[in-house]
Amino acid sequence: RSGLVAGYVGQTAIKTGEAIKKALGGVLFIDEAYALASGGDGGQDFGKEAIETILKAMEDNRNDLVVIVAGYEGLMEKFIASNPGLESRFNRYLIFEDYNAEQLYEIFSRMCEKNQYTLTEDAAAAVKAHLTEMYDCRDENFGNARDVRNFFENLMTVHADRVASIQSPTKENLMEFEKEDAEKAELM
């Protein structure tokens, strides 16, 4: 929304037009597109202006512009319903299933590898259990890899606090997550 909507009357069409101009010959990808239809302009609906500008550009540049909108499924249904032109222009949908617990752990493992962290066996088991519970208890706000990243960042914080209390930490202390770290990170 912030890349397309301005704060004053008349500026949104210009800002949206600039984004469209950059995308000509390619793709305009609008993540969290439902935010355009959600208002939030203190009484002025500048998101509606952005939508109308995009719809016109899609028609005027139909051979030179692809527009992809993305977001949470329920919110996207409301977005498509917010303007009659959206439903006729966006008539192909791809639904991406949530990552399962095993895939969430793979994402977590890659984050550890990238950042040169290791896990004790007990820590790995605790992380797997937490990610399984996260997946099993997911709701419409489930963030997939974003939730894994947030957990990983919490784990790094807990780990750093623990290691800071060690008088002369070893390389292993500095690089290895322990079960207690994972358990504390779950609570954050």
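In this text, all values refer to a predicted model and were calculated from it rather than measured experimentally. (Residues numbered from 1 in each chain as written. Predicted model: local features only at pLDDT ≥ 70, side-chain atom pairs only at ≥ 80, totals over all residues. Heavy atoms only, no water.)

Asks: How should the environment of Leu174 be read in this particular structure?
Replies: Position of Leu174 among the secondary structure elements: in helix H8 (residues 171-175). By relative accessible area, Leu174 is classed as partly exposed at 44%. What Leu174 contacts, discounting residues up to four positions off in sequence, is Tyr117, His159, Val163 and Pro169. (Helix = DSSP H or I, 4+ residues; strand = E, 2+ residues; numbered from the N terminus. Buried < 20%, exposed > 50% of the residue type's maximum accessible area, 1.4 Å probe, protein only. Contact = heavy atoms within 4.5 Å.)

Asks: Got a minute to help me understand the nonpolar core in this structure?
Replies: Side chains that are nonpolar tend, in soluble globular proteins, to be buried together. Ile30, Leu36, Val67 and Phe79 are the most contacted members of the largest nonpolar core, which has 25 residues in total. Sorting the residues of this core by element identifies helix H1 (11-23), strand S1 (26-31), helix H2 (46-60), strand S2 (65-70) and helix H3 (73-81) as the ones contributing at least two each. Sort the elements by how many residues they give to this core and H2 lands first, with seven residues. Setting aside anything within four residues of it in sequence, one finds Val67 in contact with Leu28, Ile30, Ile54, Met58 and Phe90. In terms of nonpolar packing, the next biggest core, distinct from the first, is built from 23 residues, Leu104, Phe108, Tyr135 and Phe151 among them. (Core = buried A, V, L, I, M, F, W, Y, C linked by side-chain atoms within 4.5 Å.)

Asks: Any chance you could explain a nonpolar patch on the surface here in plain terms?
Replies: On the surface, Val27, Phe29, Val66 and Ile68 cluster together into a nonpolar patch covering about 350 Å² of accessible area. Of all elements in the fold, only S1 and S2 reach the threshold of two or more residues within the nonpolar patch. For Ile68, the position within the fold is in strand S2. (Patch = residues over 30% accessible without salt bridge, like charges linked within 9 Å, V, L, I, M, F, W, Y side chains within 5 Å. Areas by Shrake-Rupley, 256 points an atom, 1.4 Å probe, with all protein chains shown as cover. Salt bridge = Lys/Arg side-chain N within 4 Å of Asp/Glu carboxyl O.)

Asks: I keep staring at the packing of helix H7 (residues 145-164) against helix H9 (residues 179-186) and nothing clicks. Help me out?
Replies: For any two helices packed against each other, the geometry is given by the interaxial angle and the distance between the axes. Running from N to C, H7 and H9 point in directions that differ by 125°, and their axes come no closer than 8 Å. The angle between H7 and H9 falls in the class oblique. Our pair here, H7 against H9, has a crossing hand that is right-handed. For the pair H7 and H9, contact is made by Phe151, Asn154, Leu155, Val158, His159 and Arg162 and by Asp181, Ala182, Lys184, Ala185 and Glu186, respectively. Grouping the constituent residues of the contact of H7 with H9 by class yields five nonpolar, two polar and four charged. (Axes fitted to C-alpha atoms, helices over the stretch in contact; angles between N-to-C directions. Parallel < 35°, antiparallel > 145°, perpendicular 65-115°, else oblique. Left-handed = near helix turned anticlockwise from the far one by under 90°. Nonpolar A, V, L, I, M, F, W, Y, C, P; charged D, E, K, R; others polar.)

Asks: I keep staring at the packing of helix H6 (residues 121-136) against H9 and nothing clicks. Help me out?
Replies: H9 packs onto H6 with a crossing angle of 25° between their chain directions and a minimal axis gap of 7 Å. The angle between the axes of H6 and H9 places the two elements in the roughly parallel class. Across the interface between the two elements, Asp122, Ala123, Ala126, Val127 and His130 of H6 pack against Lys179, Ala182 and Glu186 of H9. The residue makeup of the contact of H6 with H9, split by class, is four nonpolar, one polar and three charged.

Asks: Would you mind going over the layout of surface pockets with me for this structure?
Replies: Over the atoms rolls a probe the size of a water molecule, and its path tells where empty space is left. Counted as a void, the largest pocket has a volume near 1,600 Å³. Put simply, the parts of the chain that give the lining of the largest pocket at least two residues each are S1, H2, S2 and H3. For the lining of the largest pocket, the residue count by class is 21 nonpolar, six polar and 14 charged. (1 Å grid on protein atoms, 1.4 Å probe; cavity = no way out; pocket = protein on both sides within 12 Å on 5 of 7 lines; lining within 4 Å. Points joined across faces, edges and corners; volume = space filled by probe spheres on them.)

Asks: Hey, could you run me through the environment of Glu102 in this one?
Replies: If you trace the backbone, Glu102 turns up in helix H5 (residues 101-114). Each C-alpha atom of the pair Glu102 and Thr132 lies 7.8 Å from the other, and the pair is 30 residues apart in sequence.

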